[in-house]
Amino acid sequence: ESIDFDGAIQIEIRGATSNCCFDKKQYALTTYDEVGEKDNVSLLSMPKENDWILNGFAFDPSLMRDYISYQLSLKMGQYASRGRYCEVILNGNYQGLYVLQEKLKADDNRIDINKIDPDDNEGKSLTGGYITKSDKTEGIDVAAWYMDNYNGWQTAFIHEHPKPDEVTSLQNQYIQDVFFDLEREASAHDADLENGYPAIIDLPSFIDFMIVNELASNADAYQYSTY
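Residues numbered from 1 in each chain as written. Predicted model: local features only at pLDDT ≥ 70, side-chain atom pairs only at ≥ 80, totals over all residues. Heavy atoms only, no water.

Q: Would you mind going over the overall build of the protein chain in detail, with residue names and values included?
A: Looking only at helices and strands, one finds four helices and eight strands in the protein chain. The order of α-helices and β-strands along the protein chain, N terminus first, is β-α-β-β-α-β-β-β-β-β-α-α. Here the protein chain has a C-alpha radius of gyration of 19 Å; the compact-globule value for 227 residues is 17 Å, and the two agree. Structurally, the protein chain occupies a C-alpha span of about 55 × 40 × 30 Å along its principal axes. Burial analysis of the protein chain (227 residues in total) assigns 37% to the buried set. Looking at the protein chain alone, contacts between residues at least 24 apart form 49% of all its contacts between residues at least 6 apart. Roughly 13700 Å² of accessible area belongs to the protein chain as shown, and the carbon and sulfur atoms make up 50% of that amount. If the 18 positive side-chain charges of the protein chain are averaged to one point and the 40 negative ones to another, these points end up 5 Å apart. (Helix = DSSP H or I, 4+ residues; strand = E, 2+ residues; numbered from the N terminus. Rg over C-alpha atoms; globule rule 2.2 N^0.38 Å. Buried < 20%, exposed > 50% of the residue type's maximum accessible area, 1.4 Å probe, protein only. Contact = heavy atoms within 4.5 Å. Areas by Shrake-Rupley, 256 points an atom, 1.4 Å probe, with all protein chains shown as cover. Lys, Arg positive; Asp, Glu negative; His and termini not counted. Charge placed at Lys NZ, Arg CZ, Asp CG, Glu CD.)

Q: Talk me through a nonpolar patch on the surface; I want residue IDs and the actual numbers.
A: On the surface, L72, L203, I207, I211 and L215 cluster together to form a nonpolar patch covering roughly 430 Å² of accessible area. Considering every element that reaches the nonpolar patch, the biggest residue donor is helix α4 (residues 203-216), with four residues. Among the secondary structure elements, I211 is positioned in helix α4. Residue classification places I211 among the partly exposed residues on the basis of a relative accessible area of 39%. (Patch = residues over 30% accessible without salt bridge, like charges linked within 9 Å, V, L, I, M, F, W, Y side chains within 5 Å. Salt bridge = Lys/Arg side-chain N within 4 Å of Asp/Glu carboxyl O.)

As structure tokens, this is what we get:
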């Protein structure tokens with residue numbers, strides 16, 4: 001593992017509201033080897049990968065809420081981004097206290113799903129896995145579809161796996177239909193195990209998700225920054 005990683009990285013500012021409203025920025029970074037190839041490394045005892053997040057605790061003056069919430073989710077048996085506290089010095093300038101976290105992505109040690117390919121367009125292969133996020137669009141993000149939220153707001157749904165430029169029309173339609181089917185059955189309060197909303201979602205993980213978000217008072221819960 002690397003406690004004192006010495007190697008090339010690419011780093012960028014991430015986030016929407018946190019970027020425009022706070023001097024302390026959020027960062028995403030990728031680790032590289034000496035020949036310029038992405039390098040999977042173990043940082044602070046976390047499983048090897050090359051994509052990482054530096055969480056600067058926007059909207060969290062306690063500097064603990066996110067960390068405790070993710071740890072609670074992990075202890076409940078649900079995956080959440082692993083993290084370790086660290087201090088960040090960027091280009092010689094002290095940035096403050098952060099949590100180094102795993103970037104959410106399809107990986108055996110992160111979101112452990114079947115990796116879908118462009119030719120997976122029928123049968124069981126069409127069912128995924130998928131990673132979709134509801135969020136504000138930023139950078140190269142492209143909304144695949146929108147769904148109504150409260151008070152007239154709409155939430156954008158964005159493909160993470162497969163990527164927007166890789167997803168096929170059949171794959172896009174399949175996963176979109178799952179969300180709209182869930183909306184219809186939940187709105188109808190159809191709790192039938194075979195045909196209602198319990199047939200579409202995994203109830204225990206949804207309940208765990210809601211408990212953690214309520215305990216954390218997550219202002220983005222159920223609308224933004226949700227995978």
